[in-house]
Amino acid sequence: MTKKLNILIVAGDGIGPEVTSEAVRVLKSVAEMGGYDFQFRHELIGGVAIDAHGTPLPQATLHAALASDAVLLGAVGHNKFNALPPGERPEAGLLQIRAALGGFANLRPSFAWPGLSSNSPLRPEVVEGADILFVRELLGGLYFGQPRQWDKQANAAWNTMRYTRDEVVRVAKVAFELAGKRRKKVTSVDKANVLEVSQLWRATVTEVAQQYPGVALEHQYVDAMAMHIMNTPRSFDVVLTENLFGDILSDEAGVITGSLGMLPSATIGGKVDLYEPVHGSAPDIAGKGIANPIGAILTAAMLLRHSAGLDQDADAIEAAVKKVLDQGYRTADLARGDKSAQVLSTTDMGSRVAAALNEIIDRRQAMHAV
Ligand code: NAD
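Residues numbered from 1 in each chain as written. Predicted model: local features only at pLDDT ≥ 70, side-chain atom pairs only at ≥ 80, totals over all residues. Heavy atoms only, no water.

**Quick look at the pattern of salt bridges**
For clarity, the threshold we go by: Whenever Lys or Arg places a side-chain nitrogen within 4 Å of a carboxyl oxygen from Asp or Glu, that contact is recorded as a salt bridge. Numbering of helices and strands starts at the N terminus; helices are DSSP runs of H or I of at least 4 residues and strands are runs of E of at least 2.
Considering all chains together, one arrives at 23 salt bridges under this definition. The closest approach of N and O atoms between Arg183 and Asp131, which form a salt bridge, is 3.7 Å. With Arg183 in the loop between helix H6 (165-180) and strand E8 (185-190) and Asp131 in strand E5 (residues 131-137), this pair connects stretches of sequence that are 52 residues apart.

**Considerations on the side chain of Asp237**
The following threshold applies: Burial classes follow relative accessibility: with a 1.4 Å probe on protein chains only, a residue under 20% of its type's maximum area counts as buried, one over 50% as exposed, and anything between as partly exposed. N or O atoms within 3.5 Å of each other form a polar contact, as long as, within protein, one can give a hydrogen and the other can take it, and as long as residues adjacent in sequence are counted only when both atoms are side-chain atoms. Two residues form a contact once any of their heavy atoms are found within 4.5 Å.
With respect to the helices and strands, Asp237 occurs in the loop between helix H8 (222-231) and strand E10 (238-241). With relative accessibility at 1%, the residue Asp237 sits in the buried group. Among the polar contacts listed, one links the side chain of Asp237 to the backbone nitrogen of Lys184, at a separation of 3.0 Å. Residue contacts for Asp237: discarding those within four places in its chain leaves Asp131, Ile132, Leu133, Ala179, Arg182, Arg183, Lys184 and Lys185.

**Details of the site of the ligand**
In plain terms, the rule: The rule for a residue being near a molecule or strand is that one of its heavy atoms must lie within 4 Å of it. Surface exposure here means Shrake-Rupley accessible area, sampled with a 1.4 Å probe, where a residue is shielded only by the protein chains that are shown.
Val76, Glu91, Gly280, Ala282 and Asn292 are the nearest of the 21 residues found near the ligand. In the model, an oxygen atom of the ligand is placed 2.4 Å from a nitrogen or oxygen of the Glu91 side chain. Gly280 has a polar backbone atom sitting 2.7 Å from an oxygen atom of the ligand. Protein contact buries 69% of the 810 Å² of open area that the ligand shows by itself.

**Describing the nonpolar core**
As a reminder of what qualifies: By convention a nonpolar core is built from buried Ala, Val, Leu, Ile, Met, Phe, Trp, Tyr and Cys residues, the set being connected through side-chain atoms within 4.5 Å.
By size, the foremost hydrophobic cluster in this structure holds 76 residues, and its most contacted members are Phe38, Leu72, Leu107, Val135, Phe176, Leu240 and Leu304. A per-element tally of this core places helix H11 (residues 294-308) first, with 10 residues. Setting aside anything within four residues of it in sequence, one finds Leu304 in contact with Leu5, Leu27, Val30, Phe38, Gly309, Leu310, Asp313, Ala314 and Ile317. If you look at the next biggest cluster of nonpolar residues, it comprises 16 residues, including Ala112, Leu122, Ile229 and Ile256.

**Points about the pairing of strand E2 (residues 37-42)**
As a reminder, the rule being used: Strand pairing is defined by DSSP finding a minimum of two bridges between the two strands.
Direction of pairing for strand E1 (residues 4-12) relative to E2: parallel, over a ladder of six bridges. Within the sheet, the bridge partner assigned to Leu8 lies in E2 and is Arg41.

**What about the sheet that holds E10?**
Selection criterion: Axes here mean lines fitted to C-alpha atoms, for a helix over just the part in contact, with angles spanning 0 to 180 degrees between N-to-C directions.
Read from one edge to the other, the open sheet built from 10 strands follows the order E2-E1-E3-E12-E11-E4-E5-E10-E8-E9, with strand pairing classed as mixed. Two strands close off the open sheet at either side, each with one partner strand: E2 and strand E9 (216-221). Pairwise comparison of adjacent strand axes, ignoring direction, gives a mean angle of 25° for this sheet. Along the sheet face, helix H7 (residues 196-209) touches E5, E8, E9 and E10 and points at about 170° away from the line of E9. Packing against the sheet, H11 makes contact with E1, E2, strand E3 (70-75), strand E4 (105-111), strand E11 (266-268) and strand E12 (273-275), and its axis sits at approximately 165° to E12.

The following block contains the structure:
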């Protein structure tokens with residue numbers, strides 16, 4: 001069987017193109033080994049799109065995204081645009097493409113990779129074994145709610161956190177479905193002791209939970225949750241949040257893995273699914289060839305799992321990453337506190353993972369042939 005997949009690559013700014021090339025390298029390996037037909041098209045987004053076309057999300061990019069089977073995004077953002085209003089900055093391109101594709105559930109796994117615990121600021125006995133999947137609502141809440149304004153004359157500004165019951169139901173269902181395939185627990189995060197919008201959130205999630213009797217539900221206030229993630233990360237399975245709370249808590253949970261560069265994400269539920277590493281364009285290390293491509297590579301694994309049903313190949317990519325880390329290879333961000341680490345450049349890490357992946361798939365194919 002030939003699996004055909006049209007993938008739009010929008011590498012964006014800063015380290016975006018550097019890490020995305022390594023993710024594409026790994027996808028090409030999977031296609032070659034599996035006999036799949038993956039087509040890659042490249043378009044601009046973010047600061048590079050402003051430079052070329054005066055807008056962070058050109059029409060050509062939007063049309064190509066809507067015509068693709070999946071979109072793989074690197075990162076957007078450049079310091080030279082910092083003085084622009086939010087709606088004209090590179091980051092606006094990201095919010096626009098997310099809204100246009102319509103994905104409402106942002107999946108952000110945070111996993112304590114064996115051997116990397118010395119890199120985390122948390123004690124190894126706290127992080128080892130932690131495996132959290134954040135399900136963050138991505139199209140509602142404070143980032144999209146109206147009215148929003150900075151009234152300079154009045155010297156006041158406001159944003160609106162707004163949710164409808166239906167918006168909460170659809171993202172809660174994704175969280176319960178995924179928890180059913182994992183350790184069967186959902187922790188829903190809100191601020192229901194203060195915010196009406198959180199009271200609606202909590203009541204709706206509690207109602208949805210009735211349809212999933214095999215999955216346990218607990219509620220946590222967001223402030224307490226920020227502490228629990230640091231103290232007892234192992235006690236969480238699927239964590240369901242609204243947009244802003246999920247943005248903050250999933251970055252916080254990045255310390256479990258030891259680096260923001262290790263974190264992948266997928267946004268599902270819309271017309272076309274969108275895949276992007278959690279990190280930004282990292283202007284401080286852009287162009288130096290030292291960015292960690294593993295978050296982008298693991299993002300490619302999520303793409304294969306959620307947009308193509310290629311679970312075995314997604315597992316093989318994750319196993320390849322584990323193998324390379326077990327061999328002691330690190331990028332600079334992962335080598336902190338580990339004197340025996342063999343520090344690799346972005347491209348060398350990508351080649352090591354691709355080589356390990358080829359071996360793993362070779363072995364799998366040989367076993368199937370017996
Ligand atoms: P950032 O994620 O770019 O960087 C934070 C820190 O983590 C930096 O020290 C950086 O060097 C490090 N880091 C990030 N990714 C890494 C990787 N793959 N390997 C090694 N180290 C890595 O966040 P920031 O500095 O707050 O933002 C920089 C720009 O990126 C801003 O313009 C911001 O708006 C934008 N941004 C974009 C996205 C996105 O495209 N999804 C997300 C967050 C921030």
